[in-house]
Amino acid sequence: MEASLGVKMSGAEKGKAKARWSILASALSAEKKPERSGRLSATTRQCSVRSFSTFQLLSSKLSIPPEEVEHEAGYTWRKYKCEKFSSEFSPVVRHSARKPTAKELIGFNNTGNVCVWPSEEVLCYYILQHKSMLEGKRICELGAGMAGLAGFAAVSAGAEEVLLTDGNEESVRNLSYNVTANSVMCNDKLVSTAKVVWDRSDSYDSFRNKFDLLIAADCLFFTEVHIDLVHTIDTLLNAKGACWLVAPRRSGSLDKFVNKAKESFDVKVSHKFDERITKLCNEAAAESPDFVEDLHWPVFVWLTRKKGQSGP
């Protein structure tokens, strides 16, 4: 990642980067259950979020291609479920059947094409646990990646409108397939997709002050775009809106974002925001040699507008 942003790396950092991309390149090929044997090297465990890949809050299985979309070679479909909410949340999601190339992996807006990250799994669960807070709301998922699962959880929670966004064109294309494939689940809800690149331009001005709630998972690692992300949130939220973000602290990146966000928002941070998730994290920390708290423990960040501010 650092190399793609033009930052000079030491030999040790290069070794960690190589290990990280090796893990990422294997992510899409996994039909097997998550590796928890402890056979990963110490360097890999310290640098890769994929050494511990799931809290098993969601399950998925291969699904036949939906009738609503034209099947395209090189892709498979998976049906996702959350056991506690299986009756209302069961989206099908299109996945690439091949491993990503190094070129596709490099760049902050490409990682959403690799896999479903644990933080999105956690955000999905939290949304389904707090459905009443989303009912009738206009919701936008930022950095939705290839799946948009948190956005579909918002649909299941009764949101009036859901916009799935990403800065990567391939991700947005895949999200559009997913929306079409889940037309029955979406029912009469307004669900759409859009390319939204975090910046300080007017490229997404049509969405200005539109949304009651923004949601995002694992989008804070690249500190270089924090100021752009804060501006994007500030632009899209309405006067009484809020933003929910879930991410690990990961080398201080979350704390750096929080410090930047405090310039524009009231901010609340918690790593014990849900009893079941806290229990799962404690169990993983005690039992899994691949679980690294800094990389894998999800932290919840709530942003709300400061009193008297209504946005740009």
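Residues numbered from 1 in each chain as written. Predicted model: local features only at pLDDT ≥ 70, side-chain atom pairs only at ≥ 80, totals over all residues. Heavy atoms only, no water.

Asks: So what exactly am I meant to see when it comes to the overall build of the protein chain here?
Replies: Each helix and strand in the protein chain was counted, giving 11 helices and 10 strands. Expressed as a percentage of contacts within the protein chain between residues at least 6 apart in sequence, the contacts between residues at least 24 apart total 74%. Carbon and sulfur atoms make up 48% of the accessible area of the protein chain, which totals about 14400 Å². (Helix = DSSP H or I, 4+ residues; strand = E, 2+ residues; numbered from the N terminus. Contact = heavy atoms within 4.5 Å. Areas by Shrake-Rupley, 256 points an atom, 1.4 Å probe, with all protein chains shown as cover.)

Asks: Explain the sheet that holds strand β3 (residues 92-96) to me, please; I cannot follow it from the model alone.
Replies: Pairing in this open sheet of three strands is antiparallel, and the strands run β1-β2-β3 from one edge to the other. At either margin of the open sheet sits one strand with a lone partner, and together these are β1 (59-63) and β3. Taking each pair of neighbouring strands and ignoring which way they run, the sheet shows an average axis angle of 40 degrees. The pairing of β1 with strand β2 (residues 75-81) spans five bridges and is antiparallel. Residue pairing for β2: S63 is matched across the bridge by W77. Strands in contact with helix α6 (residues 169-181) are β2 and β3; relative to β3, the strand with the most contacts, it is inclined by about 145 degrees. (Pairing = 2+ DSSP bridges. Axes fitted to C-alpha atoms, helices over the stretch in contact; angles between N-to-C directions.)

Asks: Which parts of the structure should I look at to understand the nonpolar core?
Replies: The tendency in soluble globular proteins is for nonpolar side chains to be buried as a group. If you look at the biggest cluster of nonpolar residues, it comprises 51 residues, and the most contacted ones within it are F89, I127, L149 and W244. When residues of this core are traced back to their parent elements, those giving at least two are α4 (118-129), α5 (149-156), β5 (161-166), α6, β7 (211-217), β8 (237-247), α10 (275-287) and β10 (299-305). Element by element, the count of residues in this core is highest for α4, at seven residues. Contact partners of W244, with chain neighbours within four places excluded, come to Y126, I127, M133, L134, L213, L214, I215, A216, F300, V301 and W302. (Core = buried A, V, L, I, M, F, W, Y, C linked by side-chain atoms within 4.5 Å. Buried < 20%, exposed > 50% of the residue type's maximum accessible area, 1.4 Å probe, protein only.)

Asks: Looking at this model, I keep getting lost on the packing of α4 against α5. Mind explaining?
Replies: The angle between the axes and the distance between the axes are what describe a pair of packed helices. Closest axis-to-axis distance for the α4/α5 pair is 8 Å, and the angle between their directions is 10 degrees. Here α5 runs roughly parallel to α4, going by the angle between their axes. Of the residues in α5, those touching α4 at E120, L123, C124, I127 and L128 are L149, A150, A153, A154 and S156. Here the contact of α4 with α5 is composed, by residue class, of eight nonpolar, one polar and one charged. (Parallel < 35°, antiparallel > 145°, perpendicular 65-115°, else oblique. Nonpolar A, V, L, I, M, F, W, Y, C, P; charged D, E, K, R; others polar.)

Asks: Sorry, what's going on with the environment of K61 here?
Replies: Positionally, K61 belongs in strand β1. In this structure K61 comes out as exposed when scored by relative accessible area, which is 56%. Taking C-alpha positions, K61 is 6.9 Å from Y80, a pair spaced 19 residues apart along the chain. Those residues in contact with K61, other than ones at most four positions away along the chain, are W77, R78 and K79.

Asks: Looking at this model, I keep getting lost on the sheet that holds β8. Mind explaining?
Replies: Backbone-to-backbone hydrogen bonds join strands into a sheet, with any given pair of strands oriented parallel or antiparallel. The sheet built from seven strands is open, its strands ordered β6-β5-β4-β7-β8-β10-β9 with mixed pairing. Each having just a single partner strand, β6 (190-195) and β9 (265-270) make up the two edges of the open sheet. Here the strands of the sheet are splayed against their neighbours by 15 degrees on average, with no regard to which way each runs. Across six bridges, the pairing between β5 and β6 is parallel. Looking across to β6, one finds that L163 is bridged to S192.

Asks: Mind showing me how you'd approach the pattern of salt bridges here?
Replies: Side chains that carry opposite charge are capable of pairing whenever their charged atoms lie near each other. Scanning the model with the defined rule gives 14 salt bridges in all. A salt bridge links R173 to E72; its shortest N-O distance comes to 2.8 Å. Pair noted here: R173 is in helix α6 and E72 is in the loop between β1 and β2, with a separation of 101 residues, a long-range link. For R173, a relative accessible area of 32% corresponds to the partly exposed category. (Salt bridge = Lys/Arg side-chain N within 4 Å of Asp/Glu carboxyl O.)

Asks: Any chance you could explain the side chain of D228 here in plain terms?
Replies: Relative to the helices and strands, D228 is located in helix α8 (residues 226-236). On the basis of relative accessibility, which here comes to 12%, the residue D228 falls in the buried class. With residues up to four places along the chain from it excluded, the contact list for D228 reads W198, D199 and R200.

Asks: What exactly am I supposed to notice about the packing of aromatic side chains here?
Replies: In this description, an aromatic ring pair is defined by two values, namely the gap between the centres and the angle between the planes. Under the criterion given, the structure shown has 13 aromatic pairs. On the basis of an interplanar angle of 85 degrees and a centroid distance of 5.3 Å, the ring pair of Y126 and W244 is categorised as edge-to-face. Separated by 118 residues along the polypeptide, Y126 in helix α4 and W244 in strand β8 bring together distant segments of the chain. The exposure class assigned to Y126 is buried, which follows from its relative accessible area of 5%. Both rings, one in Y126 and one in F300, keep their centres 4.5 Å apart while their planes meet at 50 degrees; by these two values the pair is tilted. Within this pair, whereas Y126 is found in helix α4, its partner F300 is found in strand β10, the two being separated by 174 residues in sequence. Judged by relative accessible area, which is 0%, F300 ranks as buried. The cationic tip of R94 hangs over the ring face of Y75; the distance from NZ or CZ to the ring centre is 3.6 Å. Geometry around Y177 places R94 over its ring, the cationic atom sitting 3.9 Å from the centre. (Phe/Tyr/Trp six-rings, centres within 6.5 Å; stacked < 30°, edge-to-face > 60°. Lys NZ or Arg CZ within 6 Å of the ring centre and 35° of its normal.)

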